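# Architecture at a glance
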Amino acid sequence: MRVITGTARGRTLETLPGNDVRPTVDRVKEAVFSIIQFEIEGRRVLDLFGGSGQMAIEALSRGAASATVVDNSRRSVEVIRRNLQTTKLADKATILETDALSFVKNSRSTYDIAFLDPPYGMGLLQKALPDVAQRMAPGGVILCEAPVGETLPEQIGNGYSVYRTYRYGKTGITAYRDTTV
């Protein structure tokens with residue numbers, strides 16, 4: 001796993017061994033960033049269910065102003081910290097070791113771009129999406145990774161609706177956009 005482009009281009013990122021974390025493969029990550037390639041510069045990013053922090057790191061490498069990475073695993077948070085140090089992007093990131101659902105329900109921060117890639121098969125996307133939509137700035141985009149065939153809502157609070165869905169093998173990407181702007 002590596003940073004694809006930007007200031008940290010080519011740097012290798014660490015991930016947890018075993019099946020606890022399922023890192024986004026480079027092909028899918030490239031596709032996600034091609035969707036938002038002109039929307040990253042200067043933006044505030046939320047990487048919910050952060051895992052290794054690779055989505056936030058990629059966004060920061062490409063010019064995002066800041067990133068908040070949330071994961072409830074102490075081991076994942078340690079990996080995220082090391083990856084941010086390796087990429088020299090730690091000063092632009094906030095790492096929170098907390099439950100993702102509690103965080104979005106109680107946070108008062110707003111974000112321009114949100115990445116959601118929770119553990120599969122637990123209904124976490126469906127639970128998180130309404131609260132994530134409440135944390136988004138006008139004109140924001142929410143990008144969700146889920147197994148192909150998982151049903152996600154067409155619309156979520158604050159005027160967000162499915163803009164497009166993409167399929168990469170067994171992985172599906174759903175992009176929600178603010179339809180009120």
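So, a few notes on the structure that sits alongside this text. (Residues numbered from 1 in each chain as written. Predicted model: local features only at pLDDT ≥ 70, side-chain atom pairs only at ≥ 80, totals over all residues. Heavy atoms only, no water.)

### Focus on the sheet that holds strand 1 (residues 44-48)
The condition is simple: Paired strands are those between which DSSP finds at least two bridges. To qualify as a helix, a DSSP run of H or I must reach at least 4 residues; to qualify as a strand, a run of E must reach at least 2; elements of each kind are numbered from the N terminus. Whether two residues are in contact is decided by their heavy atoms: any pair within 4.5 Å suffices. Orientation is described by lines fitted to C-alpha atoms, with helices fitted over the stretch in contact, and by angles between N-to-C directions that extend from 0 to 180 degrees.
The sheet built from eight strands is open, its strands ordered 3-2-1-4-5-8-7-6 with mixed pairing. Each edge of the sheet is formed by a strand with only one pairing partner; in this case those strands are strand 3 (93-97) and strand 6 (155-156). Relative to strand 4 (residues 111-116), strand 1 runs parallel, the two sharing four bridges. Its bridge partner lying in strand 4, L48 is registered against L116. The strands touched by helix 3 (residues 74-86) are strand 2 (66-71) and strand 3; relative to strand 3, the strand with the most contacts, the crossing angle is about 165°.

### Focus: the pattern of salt bridges
In plain terms, the rule: Salt bridges are counted wherever a side-chain nitrogen of Lys or Arg sits within 4 Å of a carboxyl oxygen of Asp or Glu. Each residue's exposure class comes from its accessible area (1.4 Å probe, protein chains only) as a fraction of the maximum for that residue type: buried when under 20%, exposed when over 50%, partly exposed otherwise.
The tally for this structure, following the rule as stated, stands at eight salt bridges. R44 serves as the salt-bridge partner of D112, at 3.1 Å between the closest nitrogen and oxygen. Of this pair, D112 sits in strand 4 while R44 is found in strand 1, placing the two residues 68 residues apart along the sequence. Given a relative accessible area of 31%, R44 falls into the partly exposed group. One network of salt bridges, with partners in common, ties together K29, E58 and R62.

### Some points on the side chain of R177
The following threshold applies: Distance and chemistry together define a polar contact, namely a pair of N or O atoms within 3.5 Å, with one atom able to donate a hydrogen and the other to accept it when in protein, and with adjacent residues in sequence counting only for side-chain atoms on both sides.
Note on placement: R177 falls in strand 8 (residues 171-178). With a relative accessible area of 18%, R177 lands in the buried category. Among the polar contacts made by the side chain of R177, one reaches the side chain of E39 at a distance of 2.7 Å.

### Examining the packing of aromatic side chains
The criterion, for reference: Stacked, tilted and edge-to-face are the three classes applied to pairs of Phe, Tyr and Trp rings, where Trp contributes its six-membered ring and a pair requires centres within 6.5 Å; stacked means planes under 30 degrees apart, edge-to-face means over 60, and tilted covers the rest.
Applying the stated criterion across every chain yields a total of one aromatic pair. With centroids separated by 5.4 Å and ring planes inclined at 45°, the aromatic side chains of F33 and F115 adopt a geometry described as tilted. Taken as a pair, F33 in helix 1 (residues 26-35) and F115 in strand 4 lie far apart in primary sequence, 82 residues in all. Grouping residues by exposure puts F33 and F115 together as buried.

### Structural notes on helix 1
Three or more residues of helix 1 are buried, namely V28, K29, A31, V32, F33 and I35. Where the residues of helix 1 are buried, they touch helix 2 (54-61), strand 4, strand 5 (136-147), strand 7 (160-168) and strand 8.

### Quick word on the nonpolar core
Selection rule: Only buried residues count toward a nonpolar core. Its members are Ala, Val, Leu, Ile, Met, Phe, Trp, Tyr and Cys residues joined through side-chain atoms within 4.5 Å.
V32, F33, I36, L84, I113, F115 and L143 are the most contacted members of the largest nonpolar core, which totals 33 residues. Ignoring anything within four residues of it in the chain, the contact list for L143 reads V32, I35, I36, I113, A114, F115, L116, T174 and A175. In this structure, L46, F49, V70 and L125 belong to the second largest nonpolar core, which totals 24 residues.

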